[in-house]
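Report on the structure
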Amino acid sequence: MSVVKSRPVLRWLVPVAAAITVIGGGAAVGTFAAEAEPSLPPRTAAQLLVDLQTAQLEGLSGTVVQRADLGLPPVAGLAAGSNELAALASGTHTLRVWHSGPDRQRIALLDTLGERDLIRNGRDLWSWDSRSNTATHRTLGGDAAGKPSGDGAPELPATPAQAADQALAAIEPSTAVSVGRAATVAGRDAYELVLEPRDEASLVHQVRIAIDSQEHVPLRFELFATGSDQPAFEVAFTQVDFRRPDADQFRFNPPPGVTVREEKADRADLPARRVATAEHPQVRTVGTGWTTVLVARVDAAGAKAGAEKPGGAELAGVLGSLPEVSGEWGSGRLFTSKLFTVLLTDDGRVLAGAVTPERLYEAARG
């Protein structure tokens, strides 16, 4: 089940995927402070799931903090191919968010050098970078209301709701669901829903979702890797207000001297078109739920062209330094971290998942 998809009211950060892709970056802040456990009436896991699906949310504003420690080596940024996406995989990042219905949202990603905003107001979508004082505007199509807008999505969820949606999508016989201890998040009492993969091949030990006891929306998401008692990834509100924000928050007034680029076409369906092009390898999946493995075949010509690009030789050197592995499936090199494993085979395949190397080898044999 997918709570956010089935209940549009929970999409209180509809354009957040686009925000991370468009505005990127981040700033280090303090860690989340622990608060005393509140006393709440008992609720079952089933009741909490119903709460998530029946939540009615008219407005929201607040501060979201994301922290990641995925155990990636320093060279991971090269393999990611994007400094911004690599930055999201480590450190701490702060966003200010506003939501007022399905067609008004705003995300502001803050760092020490400035601010990057993504503003949705009806059919108008603005992105702005204070450091370069540049802005981009485009008009969304008539069917864009309530749909995410942007050119892509990050590998890591950026808000508690987005993270919870991904985790809840895996609730099947593969997942044990229970209720954890009550918590206080951003000064609000919350229940804790706990998800645990049953398949021992999963590198995910446990997911904990703190759900507001009154508004029934996710306030905090924590993901624990196997063998660790500290979250490898967490995203949480540090301040939240459920009143509808003022309409002025969603009006973009270009500052003096700003350079504005107008996009004439609605590119909401761009990711779907990209998948169909020859520039991107076809990807298939093996397995389901927590232990899904992605399998892609790398085009030899494309790999050679990539090696000739700036930084390509350095990346090739990094990949060449990975441990060599072999088996009935063939031979290749293996990359491991706390939460995911990647197998690059000598016959041009890439297999990845939040699974043990043994599960990747099984998929490679198949």
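Read on for a plain summary of the structure. (Residues numbered from 1 in each chain as written. Predicted model: local features only at pLDDT ≥ 70, side-chain atom pairs only at ≥ 80, totals over all residues. Heavy atoms only, no water.)

1. Here's the deal with the pattern of salt bridges
Under the definition given, this model contains 19 salt bridges. As a salt-bridge pair, Arg138 and Glu263 come within 3.5 Å of each other at their nearest N and O atoms. Taken as a pair, Arg138 in strand β6 (residues 134-139) and Glu263 in strand β13 (residues 259-263) lie far apart in primary sequence, 125 residues in all. Note on Glu263: relative accessible area 10%, which makes it buried. (Salt bridge = Lys/Arg side-chain N within 4 Å of Asp/Glu carboxyl O. Helix = DSSP H or I, 4+ residues; strand = E, 2+ residues; numbered from the N terminus. Buried < 20%, exposed > 50% of the residue type's maximum accessible area, 1.4 Å probe, protein only.)

2. So, the packing of aromatic side chains
What describes a pair of aromatic rings is the distance from one ring centre to the other and the angle between the planes of the rings. Within the structure shown, the criterion is met by five aromatic pairs. A centroid spacing of 4.7 Å and a plane angle of 40° characterise the contact between Trp126 and Phe252, whose relative ring orientation is tilted. Here Trp126 is found in strand β5 (residues 124-129), whereas its partner Phe252 is found in the loop between β12 (233-241) and β13, with 126 residues between them in sequence. Phe252 sits in the buried class, given a relative accessible area of 14%. Between the NZ or CZ atom of Arg106 and the centre of the ring of Trp98, over which it lies, the distance is 4.7 Å. Directly above the aromatic system of Phe224 lies the positively charged group of Arg208, at a separation of 4.3 Å from the ring centroid. (Phe/Tyr/Trp six-rings, centres within 6.5 Å; stacked < 30°, edge-to-face > 60°. Lys NZ or Arg CZ within 6 Å of the ring centre and 35° of its normal.)

3. So, unusual backbone geometry
Note: most residues except glycine have negative phi, and most peptide bonds are trans. At Ala186, a residue that is not glycine, the phi angle is positive and equals roughly 55°. Here Ala186 lies in the loop between β8 (183-185) and β9 (188-197).

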